[in-house]
Amino acid sequence: MKLLKIGISGVRGIVGDSITPKLVMDFAAAFGTRVHSRPVLVGRDTRISGPLLHAAGLAALLSTGCDVLDLGICPTPILQYMVTRLKAGGGMSITAGHNDIQWNALSFINQDGMTLNPFQGAEVLDIYHLGKFKKVSTDRLGRIRDVALYADEYFDGLRAFLDAEAIGKARLKVVIDACNGAGAPFLKPMARALGFELIPVNHEPNGFFPHDPEPRPRNAQQVVAIIKAVGADVGFLLNSDVSRVSCVTETGESLSEEFTFPLVAGQYLEDHCGPVVTNLSTSRMIEDVARGRNCPLVRTKVGQSYAVHALLQEDAVLAGEGSGGVALAAFQPAFDSFATMGYILQTMAIRGRTISRLAGELPRYHIVKEKIPCPPSRVHSVVSEVKKFFRRHEIDESDGIRVEDKSGWVQVRTSGTEPMIRIIAEDRVKSKARKRADEVIDFINVSIQ
Amino acid sequence: MKKISSLKISISGVRGIIGDSLTPQLAGALSQAFGTYVGGGPVIVGRDARPSGPMLLQAVIAGLLSSGCQPIDVGICPIPSFLFLAKEAKSSGGISVTASHNPKEWNGLKFISRDGLYLTPHQMEEFLDIYHQGDFTYAPPDRLKALRAESQPVEPHLKKLLGYFNADLIRRRKFKVALDCGNGAGAILAPRFLQELGCETVVINAVPDGSFAHGGRGPGLYPGVHFRRTRPLIQATGEWRAEGSSLDQSEPLPENIKEICRTVVKSRADVGFVQDADADRLAIVNDKGRPLGEELTLALAAQYMLGKKKGSVVCNLSTTRAIDDIAAARKAPVFRTKIGEINVVEKVLTAEPAAVIAGEGNGGVILPGVHPCRDSFAGMGLILEYLAASGRTISALQKRVPRYVMIKDKIEGSAEQGYRLVGLLKKRYEGEGRISLLDGLKIDFPDHWIHVRPSNTEPIIRVISEARTESAAKAAIRRLKKEIEELKNQI
């Protein structure tokens, strides 16, 4: 079975299996055709397969007449920021985010520095399926250009957005685990720009992931182990392209990735009041936080594209997901973990509170996330079957199956990246959350067989 | 007449037109097939100075990486240095992104074996089978290799050259050399090589951004890219003198040779050298500022090498008869091969007695003692050593080469028509001379020869003659073309 996922803003698969030079070239050529030979920024995370996809993507973009502004190893949010700064036609980020080393992906960015919206994504896909790529003659071929000092430009921007003076004065000691991903070379520039003391972990951009590049408690052992020893104020875990982050408190508690978004929102919505966007799988914590600040909440399907485009459409101020991706509209409409970390540090500095105290202010829910492997040919029908299980309930079908009541909810959806069915359940009471999930899991296991 | 296809996938490599037939997808698939064929390991990759080179090179790198090979990127590199490196670095092979003398909208891929030689026709067949079958190796992520850049790709070649020639002898003469690199890859090594040989060198057209490069995207956007009008002297088929050419200097000179000739005169150089774009061929300008003609490069090299070492000469059917005369005077055998560098090289590898010198009349000198490939640097070294050892001027040495006049002409016609024409002409000339059907039709007469050969790359049939005088050569061509005219309705 080949694992290949074509989403609205890109294509993801296993290298050497579904991700081949031909597939990468065809998708990059389709994207180059769509941007009409305008310059395209290209960056990648540190995966071993990065140079392969990079070379294939470059060749195809150049062949459609796009100049390539090559950022080399670059976190996706920085690439997104630079797309607008350099007035490029778009961007292509080569990263599989939180997926393990087998995977890689192309993620396409539009000229506004946002992941493609569903309509733009459909255009690229149509061109890809049609196979009619723009081909230019020798004189019109694109050229490869390096972009100098772009990290400085990005962190100058971030510095101006945040209250760097306050952060500096607080003399914070911060542990960051970059998982040897694209964030690794940018930790020091960030610490310099914002004036905190950095204790970097796994900060070699060599693509050897010491643990899954997914920011969540089970991957936090190293950070937890050193945070108390060095007396740091906070710890952060990043995914491979710095679009997701989770936090570890000064007491060594690894917070669920669900905390990141409400941690930011708690203060951010005080400063910028407006609608908040999240997806249907995210914890109710954010509902309580938004309600407390009189901000309406909009729920979308899972995925950065849906979140940031709802951000734009609803004129919202903040978007985020329970997976640890947060977009601060006042900075840029992208899941940006540098901005997220910076904002959390600023909150700690200005309010003079520890991270454990800030987390303690949030309502506690218990969330259970499970996944069941399922052949891609069957995932959708199996999810659809679940409707029978909930025949007595009101079902929200915006993204999979979601059923909600006063004390909690459960959602069943197909994974956007893997041949899996995801089950997420939440409740104020831990055992109830577990029960909500287990009931559905039992039903699904029966229907798969 | 049938139009020539814009894509040629053949046993001599792949060539196509950018923006049309030669896509990154195709280059990537071919490279992945090559990586599958060589079975992994390091593969040297490089390119000539064409503007489409960077694009195709990326596709080649992607294809090789995907097959589990480790591409070693040498960037723009002279072909002989590239080939030598492929052998010395114990690589699995190499891919060169080049279309040698084709116009700039073309580009192509040349495939190189672990021995640092172009794939032989048999090897190409095997490799192309894999490409056509489409059964490629896809390395899983944990088997992928890292791309490596080689910043000093010419070093092993330079070291070999300096060790091969009598550098002290050459250095003592303190030659003054005028050098035209044609803005090709040769500029990376040639000035340094000559400097190491103690020559005072005046270099022109030494920016290896290629005579092809141009900056049509507005000023300032791409610094360092300039439009260069100087083109290489040597064109593989001698198009610029399709009317006929000769070993002496009676023909008018094209603009781009005048520059090096003037430079030789102005700087009072002992000799002028001209390299083609990928630095495998060499033309010579004498101390009087007159170009020698391409055929003389190999003739002079053979004259020197055969005087120094015992052995044979290998060259193709269309190379000047002066080679036979030079070899006969030293009782050295001459082996003639089909046209195409690889055919000459294959014979060099098996010739008995061993070849001491080989090459083609287009300025491609092969010095087997260095590496069995066309090598303009080896050619320069030989000429300089010849000058130093003989103590004579290049114009004096030139006079010792038997004088012949060669006329290269062509007529329109497909390969198929050329094939039939060869059969008919053979009957016409039956019994008149020594006939060879090795490559087209070549007939040796006591005082001249003629050669008729369909082109591999264009819909033309090449007709060539050579004789002691221009009038005799022209007469031979006139007769040949008249015969062809009479046979026209039969082909």
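Residues numbered from 1 in each chain as written. Chains lettered and ligands numbered in written order. Predicted model: local features only at pLDDT ≥ 70, side-chain atom pairs only at ≥ 80, totals over all residues.

**Q** Could you clarify how one ought to interpret the overall build of chain A in this entry?
**A** A count of helical and extended segments in chain A gives 15 helices and 19 strands. In terms of C-alpha radius of gyration, chain A reaches 21 Å, essentially the compact-globule figure of 22 Å for 449 residues. Overall, chain A is about 65 × 60 × 40 Å in size when its C-alpha atoms are taken along their principal axes. Every one of the 449 residues in chain A was classed for burial, and the buried ones make up 60%. (Helix = DSSP H or I, 4+ residues; strand = E, 2+ residues; numbered from the N terminus. Rg over C-alpha atoms; globule rule 2.2 N^0.38 Å. Buried ≥ 20, exposed ≤ 12 C-beta atoms within 10 Å, placed from the backbone.)

**Q** Would you mind going over the pairing of strand 5 (residues 93–97) of chain B with me for this structure?
**A** Consecutive residues of a regular strand have side chains that alternate between opposite faces of the sheet. Residue and element names in this part refer to chain B. Of all five residues making up strand 5, five are buried, and the element is well covered by its neighbours. Residues of strand 5 alternate between two faces, with Gly93, Ile95 and Val97 on one and Gly94 and Ser96 on the opposite face, all of them buried. Relative to strand 5, strand 3 (residues 41–47) runs parallel, the two being bridged by five bridges. Within strand 5, the residue paired with glycine 46 across the bridge is serine 96. Of the pairings in the sheet, the one linking strand 5 to strand 6 (residues 106–112) comprises four bridges and is antiparallel in character. Residue pairing across strands places serine 96 opposite lysine 110, the latter belonging to strand 6. (Pairing = 2+ DSSP bridges.)

**Q** What is the right way to look at the domain arrangement of chain B in this model?
**A** Size of an interface, as often reported, equals the accessible area lost when the parts are brought together. All names here are of chain B. Segmenting chain B into domains produces domain 1 (7–153), domain 2 (156–399) and domain 3 (405–490). Per element, the largest residue contribution to the side of domain 1 that touches domain 2 is eight residues, and it comes from helix 3 (residues 79–88). Tallied by class, the residues present in the side of domain 1 that touches domain 2 amount to 12 nonpolar, seven polar and five charged. (Domains from an automatic or database assignment. Nonpolar A, V, L, I, M, F, W, Y, C, P; charged D, E, K, R; others polar.)

**Q** What should I look at first to understand the interface of chain A and chain B in this one?
**A** Counting residues at the interface gives 28 residues for chain A and 32 residues for chain B. At the level of secondary structure, the elements contributing two or more residues to the side of chain A that touches chain B comprise helix 1 (21–34) and helix 2 (50–63) of chain A. A breakdown of the residues in the side of chain A that touches chain B according to their chemical character gives 16 nonpolar, seven polar and five charged. (Contact = placed C-beta atoms within 7 Å.)

**Q** Would you take a moment to explain the domain arrangement of chain A for this structure?
**A** The assigned domain composition of chain A is domain 1 (4–148), domain 2 (153–360) and domain 3 (366–448). Here the C-alpha centre of domain 3 of chain A lies 34 Å away from the C-alpha centre of domain 1 of chain A.

**Q** In this structure, what is going on with the environment of Asp336(A)? I would like to understand it.
**A** Residue and element names in this part refer to chain A. Structurally, aspartate 336 can be placed in the loop between strand 15 (326–328) and helix 12 (337–351). C-alpha separation for the pair aspartate 336 and glycine 113, spaced 223 residues apart in sequence, amounts to 12 Å. With near-sequence residues (within four places) excluded, aspartate 336 lies in contact with Pro77, Ala327 and Phe331.

**Q** How do you make sense of the pairing of strand 18 (residues 441–444) of chain B when you look at a structure like this?
**A** Residues and elements named next belong to chain B. Where strand 17 (residues 434–436) meets strand 18, three bridges bridge the pair, whose relative direction is antiparallel. The residue of strand 18 that forms the bridge with arginine 434 is aspartate 444. In this structure, the hairpin formed by strand 17 and strand 18 is closed by a connection of four residues, where glycine 440 is found at a positive phi of approximately 70 degrees. Note that strand 18 and strand 19 (residues 448–454) share four bridges and pair antiparallel. Looking across to strand 19, one finds that leucine 441 is bridged to valine 452.

**Q** Help me understand the packing of helix 9 (residues 260–271) of chain A against helix 12 of chain A in this model?
**A** Axis angle and axis distance: for two packed helices, these are the angle between their axes and the distance between the axes, and together they describe the pair. All names here are of chain A. Between helix 9 and helix 12, the shortest axis-to-axis distance is 10 Å and the interhelical angle comes to 55 degrees. With respect to each other, helix 9 and helix 12 are oriented oblique. In this structure, helix 9 crosses over helix 12, and the sense of that crossing is left-handed. Along the contact surface, helix 9 presents Thr260, Leu263, Val264, Gln267 and Tyr268, while helix 12 presents Thr340, Tyr343, Ile344 and Thr347. In the contact of helix 9 with helix 12, the residues fall into five nonpolar, four polar and no charged. (Axes fitted to C-alpha atoms, helices over the stretch in contact; angles between N-to-C directions. Parallel < 35°, antiparallel > 145°, perpendicular 65-115°, else oblique. Left-handed = near helix turned anticlockwise from the far one by under 90°.)

**Q** Looking at this model, I keep getting lost on the nonpolar core. Mind explaining?
**A** General note: in soluble globular proteins, nonpolar side chains tend to be found buried as a group. Counting residues in hydrophobic clusters, the biggest one holds 298 residues, and the most contacted among them are Ala28(A), Ala56(A), Ala59(A), Val60(B) and Ala302(B). Leave out the neighbours within four places in its chain, and Ala302(B) touches Val313(B), Ile323(B), Ile326(B), Ala327(B) and Ile357(B). (Core = buried A, V, L, I, M, F, W, Y, C linked by C-beta atoms within 7 Å.)

**Q** For this particular structure, what's the right way to read the confidence of the model for chain B?
**A** Regions with low pLDDT should not have their predicted coordinates read in detail. Residues and elements named next belong to chain B. Residue-level pLDDT values for chain B average 87, and 89% of them are 70 or greater. Segment residues 211–253: pLDDT under 50, and 86 contacts once partners within four positions in sequence are set aside and those in other chains are kept. Scoring the predicted complex yields pTM 0.87 and, for the interface, ipTM 0.87. (pLDDT = per-residue confidence, 0-100.)

**Q** So what exactly am I meant to see when it comes to helix 14 (residues 379–389) of chain A here?
**A** For an α-helix, 3.6 residues make a turn, and residues three or four places apart therefore share a direction. All names here are of chain A. Of the residues making up helix 14, those classed as buried are Val379, Val383, Val386 and Phe389. Projected down its long axis, helix 14 carries its buried residues within an arc of 75 degrees, all on one side. Away from the buried face of helix 14 by more than 90 degrees, exposed residues Ser381 and Lys388 are located. The inward-facing, buried residues of helix 14 abut strand 17 (401–404), strand 18 (408–414), strand 19 (420–427) and helix 15 (430–448). (Arc of directions from axis to C-beta.)

**Q** It is not clear to me how helix 10 (residues 322–329) of chain B should be interpreted in this structure. Could you clarify?
**A** All names here are of chain B. Within helix 10, burial applies to Ala322, Ile323, Ile326 and Ala327. Looking down the long axis of helix 10, one finds its buried residues gathered within 130 degrees of arc, a one-sided arrangement. Turned more than 90 degrees from where helix 10 packs its buried face, Ala328 and Ala329 sit exposed. Just downstream of helix 10 lies lysine 331, where phi reads positive at about 55 degrees.

**Q** What is the right way to look at unusual backbone geometry in this model?
**A** Keep in mind that most residues, glycine aside, have a negative phi and that most peptide bonds are trans. In this structure, the amide linkage connecting Glu352(B) to the following residue, Pro353(B), adopts the cis form with an omega of 0 degrees. With respect to the secondary-structure elements, Pro353(B) resides in the loop between helix 11 (341–350) and strand 14 (355–360). Of note in this structure, Cys179(A) is not a glycine but carries a positive phi near 55 degrees. As for its position among the elements, Cys179(A) is in the loop between strand 8 (173–177) and helix 7 (187–194). By C-beta crowding, Cys179(A) is classed as buried, having 30 other C-beta atoms within 10 Å. Positive phi outside glycine occurs at Lys174(B), with the angle close to 45 degrees. Following the sequence through the fold, Lys174(B) ends up in the loop between helix 6 (167–173) and strand 8 (176–180). Taking the C-beta count within 10 Å as the criterion, Lys174(B) has 11 such neighbours and is therefore assigned exposed.

**Q** Teacher, can you tell me more about the sheet that holds strand 8 of chain B here?
**A** Within a sheet, adjacent strands bond to each other through the backbone by hydrogen bonds, running parallel or antiparallel. Residues and elements named next belong to chain B. Pairing in this open sheet of four strands is mixed, and the strands run 9-8-10-11 from one edge to the other. Of all the strands in the sheet, the pair left with one neighbour each is strand 9 (200–204) and strand 11 (282–285). Each strand axis lies, on average, 20 degrees off the axis of its neighbour in the sheet, ignoring direction. Of the pairings in the sheet, the one linking strand 8 to strand 10 (residues 271–275) comprises four bridges and is parallel in character. Looking across to strand 10, one finds that alanine 178 is bridged to glycine 272.

**Q** Which parts of the structure should I look at to understand the sheet that holds strand 3 (residues 40–44) of chain A?
**A** All names here are of chain A. Strand order in this open sheet of seven strands is 1-2-6-5-3-4-7, and the pairing throughout is mixed. Here the strands that pair on one side only, and so sit at the sheet edges, are strand 1 (4–7) and strand 7 (144–146). Looking at each pair of strands side by side, their axes are set apart by 20 degrees on average, direction ignored. Strand direction decides the pairing type here: strand 5 (residues 90–94) and strand 6 (residues 103–109), joined by four bridges, are antiparallel. Note that in strand 6 the partner of glycine 91 across the bridge is isoleucine 109. In the packing of helix 2 onto the sheet, the strands contacted are strand 3, strand 4 (68–73), strand 5, strand 6 and strand 7, and the crossing angle to strand 3 comes to about 170 degrees.

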